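Chain and residue survey
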Amino acid sequence: QVELVESGGELVQAGDSLRLSCAASERLFSNYAIGWFRQAPGKDREFVSGISRTGTTYYADSVKGRFTISRDNAKNMVYLQMNSLKPEDTAVYYCAARPLLTTFEASYYNYWGQGTQVTVSS
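Definitions and limits used
- Residues numbered from 1 in each chain as written.
- Predicted model: local features only at pLDDT ≥ 70, side-chain atom pairs only at ≥ 80, totals over all residues.
- Heavy atoms only, no water.
- Helix = DSSP H or I, 4+ residues; strand = E, 2+ residues; numbered from the N terminus.
- Rg over C-alpha atoms; globule rule 2.2 N^0.38 Å.
- Buried < 20%, exposed > 50% of the residue type's maximum accessible area, 1.4 Å probe, protein only.
- Contact = heavy atoms within 4.5 Å.
- Polar contact = N/O pair within 3.5 Å; in protein donor to acceptor, adjacent residues only side chain to side chain.
- Core = buried A, V, L, I, M, F, W, Y, C linked by side-chain atoms within 4.5 Å.
- Disulfide = S-S within 2.5 Å.

1. Looking at the overall build of the chain
- If you tally the helices and strands in the chain, you get 1 helix and 11 strands.
- Reading the helices (α) and strands (β) of the chain from amino to carboxyl end gives β-β-β-α-β-β-β-β-β-β-β-β.
- Taking 122 residues into account, the globule formula puts the C-alpha radius of gyration at 14 Å, and the chain, at 13 Å, falls close to it.
- Dimensions of the chain, computed from C-alpha atoms along their principal axes, come out at roughly 40 × 30 × 30 Å.
- Here the chain holds 122 residues, and the buried ones make up 46% of them.

Here you go:
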């Protein structure tokens, strides 16, 4: 059963904006915190942003001030609004879930989507 599905990734130019979406099953959305991670070629998967069940948000320093995470409780959706995109933001972006947003380590997240590719050209 697929419980997390990302969408919205595409090829954009530096400085552009993009919104990623993560559709979560009701079970995950109601009981789990959701995080966004990304993985560039040859690099480890890294935490980008996360939102708790109560709406508390966290951001990696590299995206703070440019990215905004939000959740729509009526639609079981989590969004990642990405502004002022840079070539170094190029990666496959994943949403993931775990019970509490107490860690930013990917290995502690129990559920993962299939990822969506974001490519930022210079």
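That covers the picture; the talk isn't over yet.
2. What about the environment of Q117?
- Its place among the elements puts Q117 in strand β11 (residues 116–121).
- For the pair Q117 and R19, spaced 98 residues apart in sequence, the C-alpha separation works out to 12 Å.
- The residues touching Q117, leaving out its near neighbours within four places in the chain, are G9, E10, T90, A91 and V92.
- In terms of polar contacts, Q117 uses its side chain to reach the side chain of T119, at 3.3 Å.

3. Some details on the nonpolar core
- Ranked by internal contacts, the top residues of the largest apolar core, which has 28 residues, are W36, L80, M82 and Y93.
- Of all elements in the fold, only β3 (18–24), α1 (26–31), β4 (33–39), β5 (46–51), β7 (67–72), β8 (77–82), β9 (91–98) and β11 reach the threshold of two or more residues within this core.
- Counting 7 residues, the second-largest nonpolar core is a separate cluster that includes F37, F47, L101 and Y109.

4. Concerning the state of the cysteines
- Counting across every chain of the model gives 1 disulfide.
- The partner cysteine of C22 in its disulfide is C95, sulfur to sulfur 2.1 Å. Between C22 and C95 the sulfur-sulfur dihedral comes to about 70 degrees; the bridge is accordingly right-handed. Of the two residues, C22 sits in strand β3 while C95 sits in strand β9, which places them 73 residues apart along the sequence.
- Judged by its relative accessible area of 0%, C95 falls in the buried class.

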